[in-house]
Amino acid sequence: MRKTIIAANWKMNTLPKEGVEIAKKINNYLSGVELGLNKKVVLGVPFTHISKIMEVVDYKKIAIAAQNCSQYDFGAYTGEISAEMLKSLGVQYVILGHSERRLYFGETDEIIAQKLQQAYKNAIFPIFCCGETLQQREKGNHFNVVETQLINAFVKVDKFNFQRTVIAYEPVWAIGTGQNATPEQAQEMHVFIRKIISNFYGHEIANDISILYGGSVIANNARQIFKCEHIDGGLVGGASLKPDEFIQIIESA
Ligand code: PGA
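Residues numbered from 1 in each chain as written. Predicted model: local features only at pLDDT ≥ 70, side-chain atom pairs only at ≥ 80, totals over all residues. Heavy atoms only, no water.

K.L.:
Tell me about the nonpolar core, residues and numbers included.
P.N.:
With 68 residues, the main nonpolar core has L43, F154, I167 and I193 as its most contacted residues. A total of 7 residues in this core trace back to one element, the largest contributor, which is helix α9 (residues 183-201). In this structure, C129, V166, A168 and L235 belong to the second largest nonpolar core, which totals 13 residues. (Core = buried A, V, L, I, M, F, W, Y, C linked by side-chain atoms within 4.5 Å. Buried < 20%, exposed > 50% of the residue type's maximum accessible area, 1.4 Å probe, protein only. Helix = DSSP H or I, 4+ residues; strand = E, 2+ residues; numbered from the N terminus.)

K.L.:
Mind laying out the sheet that holds strand β8 (residues 233-236), listing which residues take part and the relevant values?
P.N.:
Spatially, β1-β2-β3-β4-β5-β6-β7-β8 is the arrangement adopted by the 8 strands of the closed barrel, whose pairing is parallel. Pairwise comparison of adjacent strand axes, ignoring direction, gives a mean angle of 25° for this sheet. Bridge analysis of strand β5 (residues 125-130) against strand β6 (residues 166-169) gives 4 bridges, and the strand direction is parallel. Across the sheet, residue C130 finds its bridge partner in β6, namely Y169. Across the face of the sheet, helix α7 (residues 142-154) comes into contact with β5 and β6 while running at roughly 150° to β5. (Pairing = 2+ DSSP bridges. Axes fitted to C-alpha atoms, helices over the stretch in contact; angles between N-to-C directions. Contact = heavy atoms within 4.5 Å.)

K.L.:
If you had to explain the pairing of strand β4 (residues 93-96) to someone new, which residues and values would you point to?
P.N.:
Side chains on a regular strand alternate between the two faces of the sheet. Along β4, one buried face is formed by Y93 and I95 and the opposite face, lined by V94 and L96, is buried too. Sheet topology places strand β3 (residues 62-66) next to β4; 2 bridges connect them, and they run parallel. What sits directly across from A66, in β4, is V94. Chirality of the crossover, the property in question, places the unit of β3, helix α3 (residues 83-89) and β4 among those that are right-handed. (Right-handed = clockwise from strand over helix to strand, strands pointing away.)

Encoded structure:
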């Protein structure tokens, strides 16, 4: 049975103290609700916040995600953070392949594939992001682009590891722009992604994988997006920094 996941991506926002306050509010809310086994809340926080936030949240209700990890095991890579280091802190998820990392930090499909291997090796669930730019969509290339991203990422990933993956479809034109994909556009791509996964790994695995939608999810559009059959929750940027709004988004799923 696939899980519904509401994941926050705080990006490079908040100081640790502010982040702790946001996490506490979400934790307080969750302490009073029964999420059930099939619903998960994940907070993707900056590296500097991880330990502090772990101290104040109930790990049974909130999982912590890092927003990146190194493609290397360890060594002379100044400034990098390994998946093993994250694991040692108790991090359960890592966001990989986000379009901001692809665009601003030159992460290629090959680098992202290496990072995925690091996550699997350290038993961290990757939240793998894929999605097309506006130009690619306007040219009608969006399905090809997403298919290529998936093939390049998972070509060397076996069934066992793939089952531990979360996919996030995030059309680049919808990220931080206030212009979300319509539920129909998102659903159409999610169906396509599930079909590709099915070709790779079989119907059962494809059916079990959570595919999140990301890109300008807010309290006002979450319910409509999440009610689509193939959309299993969201990866939420801007709106996840406002705890009251993020709580509404959790309630919409
Ligand atoms: P947004 O960001 O919700 O602010 O559009 C989503 C993301 O980048 O994951």
